[in-house]
Amino acid sequence: MINPLNKPALGTRLMNHVFFPNLKLQVIRNTQKSFPTDGKLMFKTNCDVGKVDIKTYVKALYGTPVDKVNTINVQGRIKQAIKGFGRKASRINYKYKTTDYKKAIITVDESLKSQLSRKKLNK
Amino acid sequence: MNQIFRSGISKLIRDNNGLYQRKAEKSLKDLFEHNYAKGTYPHAGRSWEAKDLRGKSFNDLHEIWFELSIERNKLLTEKASNKGNTLENPLRLRKVKKSMAAVKTVLGERDTLKKTLYLLKNESNDAPKNRIEELKEKVAKLSILVGAVSLSPGLKELESLQTALKVDENLEKNIDLLVENKK
């Protein structure tokens, strides 16, 4: 397909010239607190997403170049169903599984660490 | 304009050419913007529907898709960080999903029109008449929906097939002459 926008939108090995990518990037709780010191952020994504895809996705949406991406596949936990509520709650012989997901940790250059740092108050 | 995407769309400005351009710079701060003041509630309007998006060009849809995906990521982080995995206004996420689906339906209509035009072009003269009539009916139905939008920006061979994009040059010349005579 010809690039109608005349700009490099998303060019990767898998998602070559995809203009409508359908990814989710959910920041895991409280991982942004150490971002000003480490330059790392941890995301939760779908399992079928590659490292190169995440790099280009972040570059396209948020305009920040990513140096490195580490990924971990995490299996969903097996849970036992519970019947009833409160004191009457009792376990049933039925188990279910929560959804699998992929953790993705991105590292950003030192000059970009100030994006999420809070401004100091002028005294 | 819809109120849900107020935070997203307010950063966009229309050019003279009709294209959207961002006012503010992109940054990772777009992931976390949901710190509401005490006593306030994040109001939300209605979602984008297919009828709103049908007149828009490919570039506009592309920009809207990116803004929607930024909005979705923002809401998902808010949901994960909040107590009890609940949003403050839980309908917002569903509205974003619905409007993303509307973008896909509009793109799907254009894609089916493109494919049927290809089939009509490549159909031989010996083909049964029912087959050609069916295709022509399909094209007539879809061309009303799609309107005068180029199906494949950059491919001029296909644009010549679309009747909605064709212009009567004689008619335009006559109109120009009339305007000049009035002056």
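Residues numbered from 1 in each chain as written. Chains lettered and ligands numbered in written order. Predicted model: local features only at pLDDT ≥ 70, side-chain atom pairs only at ≥ 80, totals over all residues. Heavy atoms only, no water.

## Looking at unusual backbone geometry
Moving on, step 1. In this structure, Asn30(A) is a non-glycine residue whose phi angle is positive, near 65°.
Moving on, step 2. Relative to the elements of secondary structure, Asn30(A) occurs in the loop between strand S1 (26-27) and helix H1 (35-38). (Helix = DSSP H or I, 4+ residues; strand = E, 2+ residues; numbered from the N terminus.)

## What about the side chain of Thr77(B)?
Residue and element names in this part refer to chain B.
Moving on, step 1. Relative to the assigned elements, Thr77 resides in helix H3 (residues 58-81).
Moving on, step 2. According to the relative accessible area criterion, Thr77 is buried, its value standing at 5%.
Moving on, step 3. Side-chain polar atoms of Thr77 contact the backbone oxygen of Lys74, separated by 2.6 Å. (Buried < 20%, exposed > 50% of the residue type's maximum accessible area, 1.4 Å probe, protein only. Polar contact = N/O pair within 3.5 Å; in protein donor to acceptor, adjacent residues only side chain to side chain.)

## Some points on the packing of H3(B) against helix H4 (residues 91-122) of chain B
Residues and elements named next belong to chain B.
Moving on, step 1. Look at H3 against H4: their axes get within 10 Å of each other, and the N-to-C directions meet at 155°. The angle between H3 and H4 falls in the class roughly antiparallel. The two elements H3 and H4 meet at a crossing, and its hand is left-handed. Counted together, Phe58, Leu61, Trp65, Leu68, Ser69, Glu71, Arg72, Leu75, Leu76 and Lys79 of H3 and Arg92, Leu93, Val96, Ser99, Met100, Val103, Lys104, Val106, Leu107 and Arg110 of H4 form the full contact between these two elements.
Moving on, step 2. When its residues are assigned to classes, the contact of H3 with H4 shows 12 nonpolar, 2 polar and 6 charged. (Axes fitted to C-alpha atoms, helices over the stretch in contact; angles between N-to-C directions. Parallel < 35°, antiparallel > 145°, perpendicular 65-115°, else oblique. Left-handed = near helix turned anticlockwise from the far one by under 90°. Contact = heavy atoms within 4.5 Å. Nonpolar A, V, L, I, M, F, W, Y, C, P; charged D, E, K, R; others polar.)

## What about the pattern of salt bridges?
All names here are of chain B.
Moving on, step 1. Under the defined criterion, the tally for this structure stands at 9 salt bridges over all chains.
Moving on, step 2. Salt-bridge contacts for Arg46 lead to Glu49; the nearest nitrogen and oxygen are separated by 4.0 Å.
Moving on, step 3. Its relative accessible area of 43% is what places Arg46 among the partly exposed residues.
Moving on, step 4. Here Glu49 falls in the partly exposed class, since its relative accessible area comes to 35%.
Moving on, step 5. Across the salt bridge formed by Asp52 and Arg46, the nearest N and O atoms sit 3.0 Å from each other.
Moving on, step 6. For Asp52, a relative accessible area of 26% corresponds to the partly exposed category.
Moving on, step 7. One salt-bridge network, in which partners are shared between bridges, spans Arg46, Glu49, Lys51 and Asp52. (Salt bridge = Lys/Arg side-chain N within 4 Å of Asp/Glu carboxyl O.)

## Describing the interface of chain A and chain B
Moving on, step 1. At the junction of the two partners, chain A supplies 29 residues and chain B supplies 30 residues.
Moving on, step 2. In total, chain A and chain B occlude about 2,800 Å² of area from one another, counting both sides; carbon and sulfur atoms represent 67% of this.
Moving on, step 3. For the chain A face of the interface with chain B, the top three residues by lost area are Phe20(A), Leu61(A) and Tyr62(A), together amounting to 27%.
Moving on, step 4. Summed over the shared surface of chain A and chain B, the number is 0 salt bridges.
Moving on, step 5. For the interface between chain A and chain B, the tally reads 10 residue pairs in polar contact (both at pLDDT 80 or more).
Moving on, step 6. Elements that contribute at least two residues to the side of chain A that touches chain B include exactly S1, strand S2 (40-45) and helix H2 (51-62) of chain A.
Moving on, step 7. For the side of chain A that touches chain B, the element with the highest residue contribution is H2(A), accounting for 5 residues.
Moving on, step 8. Residues that form the side of chain A that touches chain B fall into these classes: 20 nonpolar, 6 polar and 3 charged. (Buried area = accessible area lost by both parts, 1.4 Å probe.)

## Some words on a negative patch on the surface
Moving on, step 1. The grouping of Asp168(B), Glu169(B), Glu172(B), Asp176(B) and Glu180(B) at the surface amounts to a negative patch.
Moving on, step 2. Here Asp168(B) lies in the loop between helix H6 (156-159) and helix H7 (169-182). (Patch = residues over 30% accessible without salt bridge, like charges linked within 9 Å, V, L, I, M, F, W, Y side chains within 5 Å. Areas by Shrake-Rupley, 256 points an atom, 1.4 Å probe, with all protein chains shown as cover. Lys, Arg positive; Asp, Glu negative; His and termini not counted. Charge placed at Lys NZ, Arg CZ, Asp CG, Glu CD.)

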